[in-house]
Amino acid sequence: MNLQHRVAHERFPRASRYDADWVIDNEMGPNALWLTEALCEVMDLRPGMRVLDLGCGSALSSIFLAREYDVEVWATDLWIAATENAGRIRDAGLEGQVFPIHAEARSLPYPERFFDAVVSIDAYHYFGTDVHYLEFHLVELVRPGGRIGIVSPAAMEPGPLPAYLPNSEWYWINSVDWWRQHWARYPGIEVEVSEPLEGGWDLWLRWLDLLVSSGRSRMPEEAAQELANLREDGGRYLGFVRQVGRRRTPA
């Protein structure tokens, strides 16, 4: 089955150039390249910047950032071994530009003010809901004026889960407004962008439908259930938050 036309997306010309089998075989959730390109619409990444890709999974987003924006990337993940990601990075010809690191998000092995930017694609909600996470674990790694950007699943409106979404599967989801307030209360960060990702529900649905219909999901039962939930939701509640904050210059 030729899936290249289904992985291509008119909104994401950079991501659409990548091999469909490579993206699908290394997927760990919604299409990481689509979401990374969406984040870069509102983040100014310039050649030579040092970028932390936090929760990079299979390092697809890291490879994409290095190749498309000519930045240096520290591809950091807990679930995927650095050796495994190193193989993908080597195959992409980016060994001198993307550096695979195995680390937990609360024990990052980097010096203060080392990074110009941090990105986190479909991962920040696993560790960043802690009220102290920014203060104790992340902001100090970013130079003053540097930016932190995330795209994560989110509810489009605050309030309780709709009855059609099982609490056992969706208890963790927070609203876009919750994420804005979560960062805004920290004095070291100025929130520059906090918004629902336009068309986010459709991107999520489109990708899951591709995986399920092609039989290519790593977790087929879970993917089928998530797809059913998304279809029932119809974009009323589920989507993504796109958020960017700038580290303030200390007084």
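Look above for the structure.
Predicted model, so just to flag it, every value in this text is computed and none were measured.

How each quantity is defined
- Residues numbered from 1 in each chain as written.
- Predicted model: local features only at pLDDT ≥ 70, side-chain atom pairs only at ≥ 80, totals over all residues.
- Heavy atoms only, no water.
- Helix = DSSP H or I, 4+ residues; strand = E, 2+ residues; numbered from the N terminus.
- Contact = heavy atoms within 4.5 Å.
- Areas by Shrake-Rupley, 256 points an atom, 1.4 Å probe, with all protein chains shown as cover.
- 1 Å grid on protein atoms, 1.4 Å probe; cavity = no way out; pocket = protein on both sides within 12 Å on 5 of 7 lines; lining within 4 Å.
- Points joined across faces, edges and corners; volume = space filled by probe spheres on them.
- Nonpolar A, V, L, I, M, F, W, Y, C, P; charged D, E, K, R; others polar.
- Salt bridge = Lys/Arg side-chain N within 4 Å of Asp/Glu carboxyl O.
- Core = buried A, V, L, I, M, F, W, Y, C linked by side-chain atoms within 4.5 Å.
- Buried < 20%, exposed > 50% of the residue type's maximum accessible area, 1.4 Å probe, protein only.
- Patch = residues over 30% accessible without salt bridge, like charges linked within 9 Å, V, L, I, M, F, W, Y side chains within 5 Å.
- Pairing = 2+ DSSP bridges.
- Axes fitted to C-alpha atoms, helices over the stretch in contact; angles between N-to-C directions.

Participant: Any details on the overall build of the chain? Residues and values, ideally.
Facilitator: Secondary structure summary: the chain contains ten helices and seven strands in total. If one aligns the C-alpha atoms of the chain with their principal axes, the spans along those axes are about 50 × 45 × 30 Å. Expressed as a percentage of contacts within the chain between residues at least 6 apart in sequence, the contacts between residues at least 24 apart total 75%. When the accessible surface of the chain is summed, it comes to about 11200 Å², and 49% of that surface belongs to carbon and sulfur atoms.

Participant: So, the layout of surface pockets: which residues are in play, and what are the values?
Facilitator: Within this model, the largest pocket holds a volume of roughly 1300 Å³. In this structure, the largest pocket is lined by 48 residues; those nearest its centre are Met28, Gly29, Trp79, Asp122 and Tyr126. Top element by residues in the lining of the largest pocket is helix α10 (residues 220-233). It accounts for five residues. In terms of residue class, the lining of the largest pocket is built from 26 nonpolar, 13 polar and nine charged.

Participant: Let's hear about the pattern of salt bridges: which residues, and what values?
Facilitator: For the structure on display, the rule yields 18 salt bridges. Linking Glu192 and Arg246 is a salt bridge whose minimum nitrogen-to-oxygen distance equals 3.9 Å. Separated by 54 residues along the polypeptide, Glu192 in strand β6 (residues 189-196) and Arg246 in strand β7 (residues 238-247) bring together distant segments of the chain. What emerges from the salt-bridge pattern is a single network uniting Arg11, Glu41, Glu195 and Arg242.

Participant: Go over the nonpolar core with me, naming the residues and quoting the values.
Facilitator: Ranked by size, the top nonpolar core spans 56 residues in total, and within it Leu45, Val51, Leu65, Val71, Trp207 and Leu238 carry the most contacts. A total of seven residues in this core trace back to one element, the largest contributor, which is helix α9 (residues 200-214). When neighbours within four sequence positions are excluded, Leu45 is seen to be in contact with Cys40, Val51, Leu65, Tyr69, Val71 and Ala117. By size, the runner-up hydrophobic cluster in this structure holds 28 residues, among which are Leu54, Leu108, Tyr110 and Phe114.

Participant: Hey, could you go over unusual backbone geometry for me, with residue numbers and the actual values?
Facilitator: Trans is the common state for peptide bonds, and a negative phi is the common state for residues other than glycine. A positive phi angle is found at Ala59, which is not glycine, with a value near 70°. Residue placement: Ala59 occurs in the loop between β1 (50-54) and α4 (60-69). Unlike most non-glycine residues, Arg113 shows phi in positive territory, near 60°.

Participant: Run through the environment of Ile121, naming residues and quoting values.
Facilitator: For Ile121, the location among the structural elements is in strand β4 (residues 115-121). Between the alpha carbons of Ile121 and Gly57 there is a distance of 9.1 Å; along the sequence they are 64 residues apart. Setting aside residues no more than four positions away along its own chain, Ile121 makes contact with Ala32, Leu35, Thr36, Leu39, Leu54, Gly55, Ser61 and Val151.

Participant: Can you tell me about a nonpolar patch on the surface, naming the residues and giving the values?
Facilitator: Where nonpolar side chains cluster on the molecular surface, the patch consists of Met28, Leu78, Trp79 and Tyr126 and spans about 480 Å² of accessible area. Here Met28 shows up in the loop between α2 (20-25) and α3 (32-40).

Participant: Break down the sheet that holds β1 for me, with residues and values.
Facilitator: If you walk across this open sheet you meet the seven strands as β3-β2-β1-β4-β5-β7-β6, and the pairing is mixed. Sheet topology places β3 (98-102) and β6 at the edges, where each strand pairs with a single neighbour. Here the strands of the sheet are splayed against their neighbours by 15° on average, with no regard to which way each runs.

Participant: Got a sec to walk through α4? Specific residues and values, please.
Facilitator: Taking burial as the measure, the ten residues of α4 include nine buried ones, the bulk of the element. Listed as buried for α4 are Leu60, Ser61, Ser62, Ile63, Phe64, Leu65, Ala66, Glu68 and Tyr69. Where α4 ends, the next residue or the one after it, Asp70, has phi of about 55°, a positive value.

What is shown is where atoms sit, not what they do.
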